[in-house]
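# Working through the structure, step by step
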Amino acid sequence: MKYQDILNFWFNADTQPFWFQKSTDFDQKLHQRFADILNQAKQAELWTWRENAEGRLAEIIVLDQFSRNLYRDQAAAFAQDALALALAQETIQLGLDLQLQPEQRSFLYMPFMHSESKVIHEEALKLFEALGNPINLDFEKKHKVIIDRFGRYPHRNEVLGRESTPEEIEFLKQPNSRF
């Protein structure tokens, strides 16, 4: 499989409605088509894709987005976050993110939003502000508020085997407390 196959699939009009929606059918489709490539990405075997910005983006999408679908409601959904973030940081440091279209850059920056680090969210806020998409920026602000308050995403606690604090339990009872 080539990195362009990932980008063609992910940025296809038929896929876009499922970007941030929970769909068992879509998760199954991803599993059938991309489980092997995710396993390769988890082992850092896609390093040849890093020759250009689009290849780097494809690897990050596999690690950051596909993992959330293929391992939904499992700890493994988040196991690739550090690698995806490091790849995104390197891509930005090299200035390659600026070679991508804004919609593509939003997915390159997504590992920053998924991080449970306050330091990383300070950078995420800058990245999404510079991107100029108010919807992405609003979501980053909502994510950052949770990280600033709890230092982690409470909705991940159960699958990660973390004990929730009473304050987190109360928070999770509120509407829109889970992403």
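Residues numbered from 1 in each chain as written. Predicted model: local features only at pLDDT ≥ 70, side-chain atom pairs only at ≥ 80, totals over all residues. Heavy atoms only, no water.

- Identification of the protein as DUF924 domain-containing protein from Acinetobacter sichuanensis is taken from an unreviewed UniProt entry.

### Describing unusual backbone geometry
- One non-glycine residue, A44, adopts positive backbone phi at about 60 degrees.
- Position of A44 among the secondary structure elements: in the loop between helix 2 (24–42) and helix 3 (53–70).
- Look at A44 and you get partly exposed, because its relative accessible area is 33%.
- One non-glycine residue with positive phi stands out, namely D73, at about 65 degrees.
- You can see D73 is positioned in the loop between helix 3 and helix 4 (81–93). (Helix = DSSP H or I, 4+ residues; strand = E, 2+ residues; numbered from the N terminus. Buried < 20%, exposed > 50% of the residue type's maximum accessible area, 1.4 Å probe, protein only.)

### Some details on the packing of aromatic side chains
- A full pass over the atoms with the stated rule returns 16 aromatic pairs.
- Consider the rings of F9 and F66, whose centres lie 6.3 Å apart with planes at 85 degrees: the pair is edge-to-face. Of this pair, F9 sits in helix 1 (residues 3–10) while F66 sits in helix 3, and the two are 57 residues apart along the sequence.
- On the accessibility criterion, F9 (5% relative accessible area) is buried.
- Using a relative accessible area of 0% as the deciding quantity, one classes F66 as buried.
- Judged by centre distance (5.9 Å) and plane angle (90 degrees), the ring pair of Y109 and F128 falls under edge-to-face. Taken together, the residues span a long stretch of sequence, with Y109 in helix 5 (residues 102–114) and F128 in helix 6 (residues 118–131) at a distance of 19 residues. (Phe/Tyr/Trp six-rings, centres within 6.5 Å; stacked < 30°, edge-to-face > 60°.)

### Re helix 3
- Given a rise of 1.5 Å per residue, 18 residues ought to cover 26 Å, and the 24 Å separating the end C-alpha atoms of helix 3 matches this to within 8%.
- Largest kink in helix 3: about 30 degrees, centred on V62.
- The buried fraction of helix 3 amounts to 17 of the 18 residues, a majority that puts the element mostly inside the structure. (Expected span 1.5 Å × (residues − 1). Bend = angle between axes of the 7 residues up to and from the residue.)

### Some words on the nonpolar core
- Judged by nonpolar contacts, the single largest core of 46 residues is most densely connected at I6, W10, F11, L57, I61, F66 and F107.
- At the level of secondary structure, the elements contributing two or more residues to this core comprise helix 1, helix 2, helix 3, helix 4, helix 5 and helix 6.
- For this core, the element with the highest residue contribution is helix 3, accounting for nine residues.
- Summarising the domain contributions, this core has at least three residues from each of domain 1 (1–114) and domain 2 (116–178).
- One finds I146, I147, F150 and Y153 within the second-largest nonpolar core, a separate group that totals six residues. (Core = buried A, V, L, I, M, F, W, Y, C linked by side-chain atoms within 4.5 Å. Domains from an automatic or database assignment.)

### A look at the domain arrangement of the protein
- Taken domain by domain, the protein consists of domain 1 (1–114) and domain 2 (116–178).
- Centre-to-centre, using C-alpha coordinates, domain 1 lies 20 Å away from domain 2.
- Of the roughly 1400 Å² buried where domain 1 meets domain 2, counting both sides, 72% is carbon and sulfur surface.
- Counting the surface domain 1 buries against domain 2, the share from its top three residues, F78, F112 and M113, is 46%.
- Summed over the shared surface of domain 1 and domain 2, the number is one salt bridge.
- For R156, the salt bridge identified is with D81, shortest N-O distance 3.8 Å.
- Summed over the shared surface of domain 1 and domain 2, the number is three residue pairs in polar contact (both at pLDDT 80 or more).
- When residues of the side of domain 1 that touches domain 2 are traced back to their parent elements, those giving at least two are helix 4 and helix 5.
- The greatest single-element share of the side of domain 1 that touches domain 2, amounting to eight residues, is contributed by helix 5.
- Here the residues of the side of domain 1 that touches domain 2 sort into nine nonpolar, four polar and four charged. (Buried area = accessible area lost by both parts, 1.4 Å probe. Salt bridge = Lys/Arg side-chain N within 4 Å of Asp/Glu carboxyl O. Polar contact = N/O pair within 3.5 Å; in protein donor to acceptor, adjacent residues only side chain to side chain. Nonpolar A, V, L, I, M, F, W, Y, C, P; charged D, E, K, R; others polar.)

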